[in-house]
Amino acid sequence: MTSLKTYVITRVLLTIPMIFILLTLVFFVMRVLPGNPVIAMVGMKASQRYIKQLEHELRLDKPLWEQYVDYLNRLLHGDLGRSMIWGRRPVINEIMDHFPATLELTVWGFIFSVLLGLATGVVAGVKEGGKMDFAMRVYSIVVYSLFIPWFGMVLQLIFGVWLHALPVGGRINPLLTPKHITGIYVLDSMLTWNLPALSSSIRHLMLPSLTLGIVLSGIYTRLVRSSLIEVLGQDFIRACKSRGLPERSILFKHGLKNALIPILTMMGLQFALLLAGAVLTETTFSWPGIGTFLMERIEYRDFTTVQGTVVFYAIFVALISLIVDLIYAYIDPRVRY
Amino acid sequence: MLKVENLSVRYMQRFSPPVLAVDRVNFQVEEGEMVGLVGESGSGKSTLGLAIMKLVSPSGKIVGGRILLNGRDLVPLSEKEMRFVRGREISMVFQDPMTSLDPLMRIGDHLIETILTHEKISKKEAKERAIKLLQDVGISPDRFYDYPHQMSGGMRQRVMIALALALNPKLVIADEPTTALDVIVQDQIIDLFKNLRNQFRVAIVMISHDLALELEATEKMAVMYGGWIMEFSRSVDIAKDPLHPYTKALLKAIPNIELNDQKLISIPGHPPDLSNPPKGCRFHPRCPYAEDLCREKEPPVHVIDGRYVKCWLFGSDRR
Amino acid sequence: MRSFSSVFSGIERALSGAGLDGYLVIFGSITVMAVLIMAIFANYIAPYDPVQSVGPAIHPPCTKYIMGTDSIGRDVFSRIVYGSRTILTVVVMSTGLSMVIGIPLGLISGYMGGILDRILSLIMDSIYAFPGLILAIVIAAMLGPGIYNTALSLAVVYIPTYFRMIRGEVLSLRERLFIEAARAIGAKSRRIITKYIFPNVIYLIAVIFSLNVADAILTEAGLSFLGLSVTAPTPDWGFDLKNGQRYFLSGIWWPVTFPGIMIILLALGFGFLGEGLNTIVSKRGE
């Protein structure tokens with residue numbers, strides 16, 4: 001029990017420097033890179049007075065280290081600042097408006113990519129060096145190379161325009177929007193037992209989440225394959241055979257289960273890839289998540305919102321990797337006991 | 001009960017020629033007998049052990065001979081048919097207990113899984129039997145829910161033995177079961193094997209490179225060298241009067257405490273490279289009695305007083 | 001012709017025993033070479049000026065405009081040919097920069113160990129854990145558009161990739177006998193790193209390079225698609241794809257399909273090359 005405690009404490013403590021480094025990186029990118037962020041935001045033609053006023057407001061007229069301390073201090077109190085446009089709402093509220101959409105998309109994309117990756121990875125790993133193994137390795141490279149916007153548009157053309165089977169953009173038929181509980185439409189419509197909303201939101205989710213899921217499944221193919229090959233070569237698998245256990249139970253109950261442990265430890269990194277892919281997916285499918293939100297605010301040169309969104313990404317990624325590692329500790333008995 | 005006839009196993013390698021790791025080997029095991037399989041590493045003894053269970057694939061293949069278990073040949077059996085032989089009729093204990101158990105599975109579940117795979121009994125009955133088995137190998141039932149990593153090497157090997165005995169097989173193949181353990185635990189495990197053999201009336205093939213251990217524990221033994229069985233006879237005969245020059249050399253190499261003025265002798269030379277074995281007798285480059293004939297022709301197997309020996313020094317057909 | 005066949009027999013020998021992975025390497029190298037040739041000889045290959053309107057707008061592919069024309073009458077094929085210059089320039093500059101920074105840091109950090117290694121690793125791991133495209137988006141947005149700025153933002157993203165791989169390899173090399181021997185006879189650290197360690201990581205660099213370039217191509221295309229890389233009228237595959245998006249679903253498929261296929265082919269070429277090389281090298285090592 002003590003080893004688990006030590007693990008959890010160490011892991012939680014390790015998250016702090018990680019977040020700190022990422023926040024510093026964001027600060028560095030936003031302030032220290034060549035160029036004045038205010039001018040980058042409002043353009044060269046703005047009046048000197050307006051620029052001065054904005055600089056003062058963003059505390060850019062203070063020494064750099066003071067800005068840095070101030071920046072960290074505000075974040076510590078959960079303050080991401082206020083938007084520079086449109087009613088100057090707190091950035092955190094704006095992010096929270098868009099976060100459920102991104103979460104919904106990435107979770108579904110994640111499910112598709114893991115299912116596809118598991119199936120293809122197992123087919124490849126069962127017989128290393130075989131024809132199917134090669135075919136699945138090619139699959140993994142091909143799907144990873146599918147440029148998300150292009151692949152998304154092709155799916156839109158096939159399923160939306162040609163087959164008229166699925167909607168090509170948006171999250172839901174706006175008339176059917178369910179009562180806001182979590183902001184995740186599939187969940188909200190299930191909670192309120194709103195079947196039309198459920199069906200509409202799932203239909204809208206299909207193409208974007210499949211696009212994201214298929215492209216990223218190639219990574220899981222590789223991970224599952226190499227991990228499974230390693231596990232199947234271990235002594236205890238041969239020992240299982242020597243006891244006459246059925247092939248299927250050796251492969252799934254003993255082989256795959258053990259192979260998934262190292263993959264789990266890499267889930268955090270994979271989730272980051274998912275978030276990056278989601279930016280392109282959201283843009284392609286006009287999906288109103290954080291990705292489209294970030295791009296919109298970059299276009300409007302809303303400096304504080306851009307900074308706040310990136311900070312949000314950083315904290316989110318760090319927390320996900322923390323959660324993944326804690327799940328791992330719970331699942332692997334060698335850490336748990 | 002078990003009769004191995006002219007068995008050959010070939011290993012395919014990716015960047016070197018195939019190796020005949022076991023070459024036309026003959027030996028038999030009677031019911032309840034403890035038979036040793038002794039030789040240096042690379043002699044083919046472990047391959048032979050795995051081959052009896054048909055566990056040499058994918059890189060290895062049985063290319064000839066028969067494995068008769070109570071008269072039934074195992075060689076032509078499919079993987080599916082072998083499933084019912086493995087564990088139930090023949091089972092195996094492996095060299096490294098640290099890596100032979102599934103790290104994600106509790107000790108007790110290993111046993112229950114094995115029992116329920118082969119027998120149609122309730123889970124409760126299976127659990128009772130599992131606990132009984134653990135007691136038989138000297139593990140207290142409160143370790144039932146332990147994970148493998150919570151146990152010492154010796155205890156894990158006891159679990160492996162319990163697993164091997166779970167379905168009351170007729171034969172257990174033990175592949176260097178004590179090599180990975182420290183000396184005191186080694187003796188305990190060997191004693192455990194001896195007791196269990198009497199208790200369960202199970203035959204044991206004990207594979208080892210340790211001739212002293214084999215002489216003490218077994219009734220009969222086969223001495224392997226370069227994929228051949230060089231000598232097969234009762235262990236007392238081998239101890240008193242070894243026939244094959246290789247057996248003699250092995251016996252001399254045992255450090256003898258009583259004769260402490262005698263210096264430790266190891267056999268000069270190296271084991272043969274089986275991808276390119278020496279012509280004639282495979283032992284001739286290291287054999288002090290080697291003659292021209294040994295360098296030219298493979299020696300035949302002679303039977304002398306019920307003992308088998310593969311050497312030109314015996315029999316009358318020397319030319 | 002004879003020299004041709006001798007080149008091929010040379011390749012055949014090099015790939016003998018590689019099996020199907022040999023085909024991956026062949027496909028990858030041919031694709032990459034083709035795009036390289038396209039970029040170098042763009043002015044000979046492209047039939048029209050890529051930034052001028054040369055015909056009717058939105059004309060489907062025909063003998064005159066083999067890939068059709070875009071919304072303002074520019075030749076899609078010519079823009080594809082010149083666009084290869086943009087993407088290759090950005091990717092080559094950015095990977096070059098990532099290597100120049102990432103490899104030496106990885107060598108030093110892995111070899112020296114200690115507190116320096118721990119700090120550097122923590123920083124690199126943190127950047128690595130952050131979604132690469134999003135980091136590139138923010139840097140590119142702050143720097144403003146342009147080829148150099150895009151290359152710089154991609155370089156930051158991929159420094160940790162090189163750092164981590166090289167460091168890991170150095171850690172295992174450090175324990176090897178010949179490095180120990182060099183240290184025992186009192187060779188200087190710098191000498192050990194450059195003379196003994198670096199030559200042993202070169203093959204690894206080749207593999208990371210191919211796989212990483214495949215990734216960088218997709219990220220560059222992503223940045224352009226989001227409008228953060230180059231400005232109009234520069235020909236660029238991702239950017240052109242974005243400009244064609246509006247008309248795509250109304251059946252005007254050519255301004256999107258061709259740039260998309262080029263992006264995928266180029267990424268695929270480097271991906272296959274890296275995968276094939278990696279498998280062949282590790283098979284040989286067995």
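Residues numbered from 1 in each chain as written. Chains lettered and ligands numbered in written order. Predicted model: local features only at pLDDT ≥ 70, side-chain atom pairs only at ≥ 80, totals over all residues. Heavy atoms only, no water.

## What to know about the overall build of chain B
Counting secondary structure elements, chain B contains 10 helices and 12 strands. Computed over the C-alpha atoms, the radius of gyration of chain B is 20 Å, within 12% of the 20 Å expected from 2.2 N^0.38 for a compact globule of 319 residues. A principal-axis box enclosing the C-alpha atoms of chain B has dimensions of 70 × 50 × 40 Å. For chain B, buried positions account for 54% of its 319 residues. Accessible surface computed for chain B: about 14500 Å², of which carbon and sulfur atoms make up 51%. Side chains of chain B carry 42 positive and 41 negative charges; the gap between the two charge centres is 5 Å. (Helix = DSSP H or I, 4+ residues; strand = E, 2+ residues; numbered from the N terminus. Rg over C-alpha atoms; globule rule 2.2 N^0.38 Å. Buried < 20%, exposed > 50% of the residue type's maximum accessible area, 1.4 Å probe, protein only. Areas by Shrake-Rupley, 256 points an atom, 1.4 Å probe, with all protein chains shown as cover. Lys, Arg positive; Asp, Glu negative; His and termini not counted. Charge placed at Lys NZ, Arg CZ, Asp CG, Glu CD.)

## Structural notes on the packing of aromatic side chains
Scanning the entire structure with this criterion turns up 21 aromatic pairs over all chains. Measuring from centroid to centroid gives 5.1 Å for Phe-27 of chain A and Tyr-68 of chain A, while their planes differ by 55°, and the two rings are tilted. Pair noted here: Phe-27 of chain A is in helix H1 (residues 2-32) and Tyr-68 of chain A is in helix H4 (residues 64-76), with a separation of 41 residues, a long-range link. By relative accessible area, Phe-27 of chain A is classed as buried at 6%. Centre to centre, the rings of Tyr-225 of chain B and Phe-283 of chain B are 5.0 Å apart; their planes meet at 80°, and the pair counts as edge-to-face. Of this pair, Tyr-225 of chain B sits in strand S9 (residues 220-225) while Phe-283 of chain B sits in the loop between helix H9 (245-253) and helix H10 (292-296); the two residues are 58 residues apart in sequence, bridging distant segments of the chain. Exposure remark for Phe-283 of chain B: the relative accessible area of 1% places this residue in the buried category. Pairwise contacts between aromatic rings join Phe-99, Phe-271, Phe-312 and Phe-316 of chain A into one cluster. Across from the ring centre of Phe-84 of chain B, 4.9 Å away, lies the NZ or CZ of Arg-83 of chain B, which sits over that ring. Seen from the ring of Trp-228 of chain B, Lys-310 of chain B lies directly overhead, with NZ or CZ sitting 4.5 Å from the centre. (Phe/Tyr/Trp six-rings, centres within 6.5 Å; stacked < 30°, edge-to-face > 60°. Lys NZ or Arg CZ within 6 Å of the ring centre and 35° of its normal.)

## Section: the interface of chain C and chain A
Taken together, the contact between chain C and chain A spans 44 residues of the former and 47 residues of the latter. Overall, the association of chain C and chain A removes approximately 4200 Å² of surface from exposure, summing both partners, and the carbon and sulfur fraction of that is 84%. Where chain C touches chain A, the interface holds 3 salt bridges. Put simply, Glu-275 of chain C and Arg-222 of chain A hold a salt bridge, and the shortest N to O gap is 2.4 Å. Applying the counting criterion to the chain C and chain A interface returns 7 residue pairs in polar contact (both at pLDDT 80 or more). Those elements that provide at least two residues to the side of chain C that touches chain A are helix H2 (20-40), helix H5 (114-129), helix H6 (132-143), helix H9 (189-225), helix H10 (237-248) and helix H11 (254-285) of chain C. The leading source of residues in the side of chain C that touches chain A is H11 of chain C, at 12 residues. Looking at side-chain class alone, the side of chain C that touches chain A contains 33 nonpolar, 7 polar and 4 charged residues. (Contact = heavy atoms within 4.5 Å. Buried area = accessible area lost by both parts, 1.4 Å probe. Salt bridge = Lys/Arg side-chain N within 4 Å of Asp/Glu carboxyl O. Polar contact = N/O pair within 3.5 Å; in protein donor to acceptor, adjacent residues only side chain to side chain. Nonpolar A, V, L, I, M, F, W, Y, C, P; charged D, E, K, R; others polar.)

## Focus: the packing of H2 of chain C against helix H4 (residues 76-112) of chain C
Residue and element names in this part refer to chain C. Contact geometry of H2 with H4 gives a least axis separation of 8 Å together with a crossing angle of 105°. When the interaxial angle is binned, H2 and H4 end up roughly perpendicular. Across the interface between the two elements, Val-35, Leu-36, Met-38, Ala-39 and Ile-40 from H2 touch Ile-80, Val-81, Ser-84, Arg-85 and Leu-88 from H4. Here the contact of H2 with H4 is composed, by residue class, of 8 nonpolar, 1 polar and 1 charged. (Axes fitted to C-alpha atoms, helices over the stretch in contact; angles between N-to-C directions. Parallel < 35°, antiparallel > 145°, perpendicular 65-115°, else oblique.)

## Focus: helix H6 (residues 183-200) of chain B
An α-helical segment advances 3.6 residues per turn. Residues three or four places apart therefore align on the same side. Residues and elements named next belong to chain B. Relative to the 26 Å expected for 18 residues at 1.5 Å per residue, H6 spans 26 Å between its end C-alpha atoms, a close match to the ideal helical length. Taken as a whole, H6 has its buried residues at Val-185, Gln-186, Ile-189, Ile-190, Leu-192, Phe-193, Leu-196 and Arg-197. With its buried residues spanning 155° around the axis, H6 presents them on a single face. For H6, the exposed residues lying more than 90 degrees away from the buried face are Val-183, Ile-184 and Asn-198. Arg-201, located one to two residues past H6, shows a positive phi value of around 55°. (Expected span 1.5 Å × (residues − 1). Arc of directions from axis to C-beta.)

## Here we look at the domain arrangement of chain B
Residues and elements named next belong to chain B. Splitting chain B by domain gives domain 1 (2-89 + 170-310) and domain 2 (103-168). Here the C-alpha centroids of domain 1 and domain 2 sit 29 Å apart. Between domain 1 and domain 2, the contact holds 18 residues from the first and 14 residues from the second. Summed over both partners, the interface of domain 1 with domain 2 comes to about 1400 Å²; 64% of that surface belongs to carbon and sulfur atoms. The largest contributions to the domain 1 side of the interface with domain 2 come from Arg-88, Leu-192 and Phe-200, which together make up 34% of the buried area. (Domains from an automatic or database assignment.)

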